[in-house]
Structure formats: structure tokens, C-alpha cells
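Examination of the molecular architecture
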2 protein chains.
Amino acid sequence: MHRILLRTVVFDFPGDVHDAGRDFWATALDAGVRRGRTHAEYHALEHPAAVGPVLVQHLGAGPSRVHVDVESDDTGAEVSRLVAAGATVVERFDDWTVPADPGGLPFCVVPARLDEDFARDARTVGG
Amino acid sequence: MHRILLRTVVFDFPGDVHDAGRDFWATALDAGVRRGRTHAEYHALEHPAAVGPVLVQHLGAGPSRVHVDVESDDTGAEVSRLVAAGATVVERFDDWTVPADPGGLPFCVVPARLDEDFARDARTVGG
């Protein structure tokens, strides 16, 4: 058994519209913008008018899209559970995995940030 | 001045993959499924493992995508503000409006559900 939580929305933009898309969502959500240190292709919106974190990703190639991150305290078990539920693994990175749902939508399974919000809101699954 | 909050994520699926996509996300987020009364093309996931509401929409035509809803207590003022920030209005319905961001991603501006969470988390903008 492990815990999961969907809380991050990511706007993915190819290079030609990335800056305009990033700056639009910062204005739309009354947020600041902070570039990722480890992953410079990501910008985090700072204090967005949203219930969870909002990121903007610079894509090497288009089209624009939106994806969600599913956080887990056991990403391996979570990916296995989702594959059993019908997901297909598209790509694996050191830190996270990109499955696609049965409709073809990619999303990410990422290590949980084990903060107070995760402790309060995460769900136990896989039992 | 008015208030806004991004809290709903919507998975949009064309007919051939809609049921599989809906059922996958219900399993993934350990949620029930409830069909919309007023808008039968929507299903709400009940008590999803997520920080905000999650909906699944049956699209008349593809491709699959994800969009977000921006809630506001003054949707007219909010759409005007977002258009000034670079959005384009794609479609207007009685209750809500579909703008697209500068990267071409459609999203919805919808009337806020004026509950305790909105009161606590919404942001005042347009001042």
C-alpha cells in the first residue's frame, strides 16, 4: 500500500509560444515566475490563484498541451498499479515516469513532496 | 475587482476512448463516478485523490486533451481581464466562456461555486 495525490497542473508549450504562454498564466493566476534549478525547462508559478502547484514546461517540440502530475510516496508501485488499470508507460526518467492513459493523454508519476498538504490530502491505494 | 480560483481539472475524451478514459481516472484517483444532471456530457469524479474537483468530458470530436476551469464571481470581468492579458475567446455559452491562451490551449471561465474553499482560496484580481 502506498499514497497518491493529484495536485500539480503543468502547461506544456513548444518554444515559439512558451514565453507568451508562461507569462499569460502568471498574469492569469496573479503569480510570480521562478525558473527550475535542477530542471531549467520548468518554471513554477509562485503563489498562483490555484488549489495546487502550477508549472509551465518548455517543450522541445509541440503541440501545446496540459498534463497533471500524480504524486506518490512509492512511484514504482503506483506506476504498476496504473499500468494494471490500463495505462501505458511512454517514458521513464531517473526521478519520474510518464504513462499515458487509455485516451492517449500523457501524465507524470512523480515522487511526493512529503509536506503537510500531502499528509492531509493523500489517499492510500493499492491495498 | 473580482475573485478567481483555478481548482478544476477536466479530462476531455472523444467518444471512442471516453469510457475507458473516464474509468481509468476513476480507478487512478480512487474515485466514484457521477454523471452530470444538467450537462450529461460531463462526469464528476466523486472524492478523487486530488486537491480539487476532477471532471471527465465526452467530446463530440477528438483529440483527447486536458483543460482547466478558472472560477470567478464575475466571469464577464474575468474574461475581459484575460483577453487583455492575451487570451482569445473561442466560444461563449450561457454559463461559461472558452478562451484560449497564447499557446492555443483552450480553458474555461466558469461561475464560481461560492463555498468555503472558494472563500478561503480565491484571489482578488482586476484592481
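This text gives an overview of the structure that appears in the document. (Residues numbered from 1 in each chain as written. Chains lettered and ligands numbered in written order. Predicted model: local features only at pLDDT ≥ 70, side-chain atom pairs only at ≥ 80, totals over all residues. Heavy atoms only, no water.)

Let's talk about the interface of chain A and chain B
Using the following cut-off: Any two residues having at least one pair of non-hydrogen atoms within 4.5 Å are treated as being in contact. The term buried area denotes the loss of accessible surface (1.4 Å probe radius) that occurs when two parts are joined, taken as the sum for both partners. Here, a salt bridge means any Lys or Arg side-chain nitrogen found within 4 Å of an Asp or Glu carboxyl oxygen. Polar contact is defined as a pair of N or O atoms within 3.5 Å, subject to the rule that within protein one atom must be able to donate a hydrogen and the other to accept it, and that residues adjacent in sequence are counted only when both atoms are side-chain atoms. In the scheme used here, Gly and all other residues not listed as nonpolar or charged are polar, with Ala, Val, Leu, Ile, Met, Phe, Trp, Tyr, Cys and Pro taken as nonpolar and Asp, Glu, Lys and Arg as charged.
Listed as interface residues are 42 residues of chain A and, on the opposing side, 42 residues of chain B. Buried surface at the junction of chain A and chain B, both sides included, amounts to about 3,300 Å², of which 73% is carbon and sulfur. For the pair chain A and chain B, the number of links is 2 salt bridges. Measuring nitrogen to oxygen at the nearest pair gives 3.2 Å for the salt bridge that ties D30 of chain A to R123 of chain B. Inspection of the chain A/chain B interface yields 18 residue pairs in polar contact (both at pLDDT 80 or more). Residue classes in the side of chain A that touches chain B are distributed as 26 nonpolar, 8 polar and 8 charged.

A look at the packing of aromatic side chains
Worth spelling out the cut-off: For Phe, Tyr and Trp, where Trp contributes only its six-membered ring, two rings pair if their centres lie within 6.5 Å, and the inter-plane angle classes them as stacked under 30 degrees, edge-to-face over 60, or tilted in between. Secondary structure follows DSSP: runs of H or I at least 4 residues long count as helices, runs of E at least 2 residues long count as strands, and numbering of each begins at the N terminus. The buried label goes to any residue with under 20% of its type's maximum accessible area, the exposed label to any with over 50%, and the partly exposed label to all in between, with areas taken from a 1.4 Å probe on protein chains only.
Under the defined criterion, the tally for this structure stands at 10 aromatic pairs over all chains. Look at F107 of chain A and F24 of chain B: their rings are 6.0 Å apart centre to centre, the planes differ by 50 degrees, and that puts the pair in the tilted class. Residue F107 of chain A is located in the loop between β7 (97-100) and β8 (108-111), and its partner F24 of chain B is located in helix α1 (residues 15-28); the two belong to separate chains. The exposure class of F24 of chain B is buried, given its relative accessible area of 1%. Ring geometry for F24 of chain B and W25 of chain B: centres 5.2 Å apart, planes at 85 degrees, overall edge-to-face. On the accessibility criterion, W25 of chain B (0% relative accessible area) is buried. Taken together, the ring pairs in this structure connect F11, F24 and W25 of chain A together with F107 of chain B into an aromatic cluster.

Shape is all these values report; function is a separate question.
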